[in-house]
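Letter by letter, the chains look like this.
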Amino acid sequence: VPLSHSYRGLTLVLTFLCYTSYHLSRKPISIVKSQLHPNCSALGPNPSNDSNNSAWCSWAPFDGDNYKELFGALDNAFLVAYAIGMFISGIFGERLSLRYYLSGGMVLSGLFTALFGLGYFWNIHVLWYFIIVQVFNGLAQTTGWPAVVACVGNWFGKGKRGLIMGIWNSHTSVGNILGSLIAGVWVSSAWGLSFVVPGIIIAAVGVICFFFLVEYPEDVGCSPPLHHVRVTSTEKDPEAVTSTEGVLGVSGQSSADGSNGPWEPAEEPEAISFLGALRIPGVVEFSLCLLFAKLVSYTFLYWLPLYIVNVGEVLLGGTARRGRAWSISSPPLLLLTAHFSAKEAGDLSTLFDVGGILGGIFAGLISDSSGGRATTCCAMLVVAAPMLFLYNHIGQNGIGVSIAMLIVCGALVNGPYALITTAVSADLGTHESLKGNAKALSTVTAIIDGTGSIGAALGPLLAGLISPTGWNNVFYMLIAADVLACLLLSRVVAKEIRGWCGCMARKRGYVRT
């Protein structure tokens, strides 16, 4: 096996584990919400005999009637800090060692995640403590995405980038699933551990990343992918040059003949400016589309378990069966419930992320074969809107229907989100207009994901404000966001369609001649 292939595999595995741990550490808050303000009447009488206190089992300060607004404030503290920090993070990522930047951010993320959970053991009931921890955690977590996408982009050319990154991007859903399951183990007994354990995990993976991550192929004497290469005019097959060159000297020249090698590195380019990245064709359109796509995805990320708890009445044959509990190991056709526990709702919500894995792979495969990234995103968003409507209205008609709808909605919602944040970001970060300057990749990724993070902050906030008026209104908001995301890509979709039509016309012309 060529050395470059081994390092590519190592890079994929390490960055996959890194960002899996990032999402693993973000998920516990959505699982713990229903435990911070549970249904106390279901637990029996108040042991303190205070009949006027209907929230005796809740964790202050989330024991009031405004608990949903406070949950929204927690989500927003993290997500607003994340959105603001993301625009700055990419600029630092282009100028600092990605290995130091990524591993340092992971250790800090682990610290602040654990500090949230330690509030349980320290018996802290002050809202500002949790808000401040969320803000600093949001800032620390901005180190992740620009760094991992830049690392993968440094090792992989355009080729089958959509499929490779679609599979690789399953780290988001895998992290959400693992975060839900890990947090669910302690949510009912000692919810602080639901944060402390993920915090330890992400810090440990950060240490592993520090020792083993290789940022650039040139660092280990491997030839870079095509978008790093300065091709001369006499070369007719640059792909062949890249694939046959093999391992190079550390200086960037062929180990056999440094002066006559088929490629030679250009001078170290300067990192692109923020405004320069915005001028890359497609960056603005995809950034705004991701704003609304991520609004939908993160609303599910933070509110789906609570939604399942609140409207978890499942019918079998038209008869409500109360008191039965569903778990991830339960026979789905036998166990149905009217009231899910926090752990059961967390387990069921993981099916949305299972769909997200399938959707990301499907979107990458289709966009690779068609060459239409924007068209693939738009098609999935168009179908997602009615499916969200159906899930809200029929998703609780049976456990089988609920499982199927969660997987389908997860695929359609997270497919475009995954494609834009991975393959599209890497494509634009190595756009032909940059003339081989790979120093734009982290900045472009940060701009796109930072804009998307504004939507990620707005979604849970709006859900917290709207949900007291009814969950139907929350879903109407999500459907409207999906439609807007699709419309914002219309110009790029039209350009792709014109390109296909022109290609077909040329092919017909060749056949006639």
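Starting afresh in each chain, residues are numbered from 1 along the sequence in its written order. The predicted nature of this model means local features are confined to residues of pLDDT at least 70 and side-chain atom pairs, given and counted, to a pLDDT of 80 or more, with totals for whole chains, interfaces and linings taken over all residues. Side-chain metrics in this entry use all non-hydrogen atoms of the structure; hydrogen atoms and water are not considered.

**Here we look at helix α6 (residues 144–155)**
1) Next: With twelve residues, α6 ought to run about 16 Å at 1.5 Å a step, and its terminal C-alpha atoms sit 17 Å apart, in line with that.
2) Next: For each residue, the accessible area found with a 1.4 Å probe, counting protein chains only, is set against the maximum for its type, and the residue is called buried under 20%, exposed over 50%, and partly exposed in between. Secondary structure elements follow DSSP: runs of H or I of four or more residues count as helices, runs of E of two or more count as strands, with numbering from the N terminus. Extensive coverage of α6 is indicated by the burial of twelve of its twelve residues.
3) Next: Taken as a whole, α6 has its buried residues at Gly-144, Trp-145, Pro-146, Ala-147, Val-148, Val-149, Ala-150, Cys-151, Val-152, Gly-153, Asn-154 and Trp-155. To estimate how far a helix should reach, multiply one less than its number of residues by 1.5 Å.

**Describing the pattern of salt bridges**
1) Next: The term salt bridge refers to a pairing of a side-chain nitrogen on Lys or Arg with a carboxyl oxygen on Asp or Glu at a separation within 4 Å. According to the stated counting rule, one finds four salt bridges in the structure shown.
2) Next: Put simply, Lys-294 and Asp-449 hold a salt bridge, and the shortest N to O gap is 2.7 Å. With Lys-294 in helix α12 (residues 283–310) and Asp-449 in helix α16 (residues 441–466), the pair connects residues that are 155 residues apart, well separated along the chain. The two residues Lys-294 and Asp-449 agree in class, both being buried.

**Quick notes on the nonpolar core**
1) Next: Judged by nonpolar contacts, the single largest core of 120 residues is most densely connected at Leu-102, Phe-130, Leu-388, Tyr-391 and Leu-478.
2) Next: Of all the elements, α12 adds the most residues to this core, at 16 residues.
3) Next: Contact definition: two residues touch when any of their heavy atoms are within 4.5 Å. If we skip the residues at most four places from it in the chain, Leu-388 touches Val-296, Phe-300, Cys-409, Val-413, Phe-475, Leu-478, Ile-479 and Asp-482. Among the buried residues, those of types Ala, Val, Leu, Ile, Met, Phe, Trp, Tyr and Cys that are joined through side-chain atoms within 4.5 Å form a nonpolar core.

**Observations concerning the environment of Val-444**
1) Next: You can see Val-444 is positioned in helix α16.
2) Next: For Val-444, a relative accessible area of 0% translates into the label buried.
3) Next: Aside from chain neighbours lying at most four places away, what touches Val-444 is Ala-277, Ile-280, Val-283, Ser-425, Leu-428 and Gly-429.

**Some thoughts on the side chain of Asp-353**
1) Next: Its place among the elements puts Asp-353 in helix α13 (residues 342–370).
2) Next: In this tally Asp and Glu are treated as negative and Lys and Arg as positive; neither His nor the chain ends contributes. No salt bridge is formed by the buried Asp-353. Its closest oppositely charged neighbour is Lys-27, at 4.4 Å.

**Things to note about the environment of Tyr-7**
1) Next: Structurally, the position occupied by Tyr-7 is in helix α1 (residues 3–26).
2) Next: In this structure, the C-alpha to C-alpha distance between Tyr-7 and Trp-155, residues 148 residues apart in sequence, is 8.5 Å.
3) Next: Not counting chain neighbours up to four residues away, the residues in contact with Tyr-7 comprise Trp-155, Val-214, Val-220 and Cys-222.

**Section: the state of the cysteines**
1) Next: Two cysteine sulfurs form what is called a disulfide whenever their separation falls within 2.5 Å. One pass over the structure, following the stated rule, counts zero disulfides.
2) Next: Residue Cys-289 stays outside any disulfide, its sulfur separated by 6.0 Å from that of Cys-377, the closest cysteine.
3) Next: We classify Cys-377 as buried; its relative accessible area is 1%.

**Some words on the UniProt feature "transmembrane region" (unreviewed entry) in the protein**
1) Next: Mapped onto this structure's residue numbering, the UniProt feature "transmembrane region" (unreviewed entry) falls at residues 70–93, 100–122, 168–187, 193–214, 348–367, 374–393, 399–420 and 474–494.
2) Next: Overall, residues 70–93 shows 100% helix and 0% strand. The separation of its end C-alpha atoms is 33 Å.
3) Next: Segment residues 193–214 splits into 91% helix and 0% strand. End C-alpha atoms: 33 Å apart. UniProt positions are given in the numbering used here, feature names are shortened, and annotations may be inferred rather than shown by experiment.

**Re the packing of aromatic side chains**
1) Next: Any pair of Phe, Tyr and Trp rings, taking the six-membered ring for Trp, is counted once the centres come within 6.5 Å. Such a pair is stacked with planes under 30 degrees apart, edge-to-face with planes over 60 apart, and tilted for the rest. Scanning the entire structure with this criterion turns up 28 aromatic pairs.
2) Next: Ring geometry for Phe-210 versus Phe-211: centroids 5.3 Å apart, planes at 85°, classification edge-to-face.
3) Next: Ring geometry for Tyr-307 against Trp-471: centres 5.1 Å apart, planes inclined by 75°, an arrangement best described as edge-to-face. In this pair, Tyr-307 sits in helix α12 while Trp-471 sits in helix α17 (residues 471–488), placing the two residues 164 residues apart along the sequence. Per residue, the accessibility class of Tyr-307 equals that of Trp-471, and both read buried.
4) Next: Here a set of aromatic residues connected by ring pairs shows up, and it is made of Trp-59, Phe-62, Tyr-67, Phe-71, Phe-116, Tyr-120, Phe-121, Tyr-129, Phe-130, Trp-191 and Phe-195.
5) Next: Placement of a positive charge over a ring is assigned whenever Lys NZ or Arg CZ falls within 6 Å of the ring centre and within 35 degrees of the normal to the ring plane. Here the guanidinium or amino end of Lys-33 rests over the ring plane of Trp-303, the centre of that ring lying 4.2 Å away.
6) Next: Positioned above the aromatic ring of Phe-210 is the side chain of Arg-99, whose terminal nitrogen or guanidinium carbon lies 4.9 Å from the ring centre.

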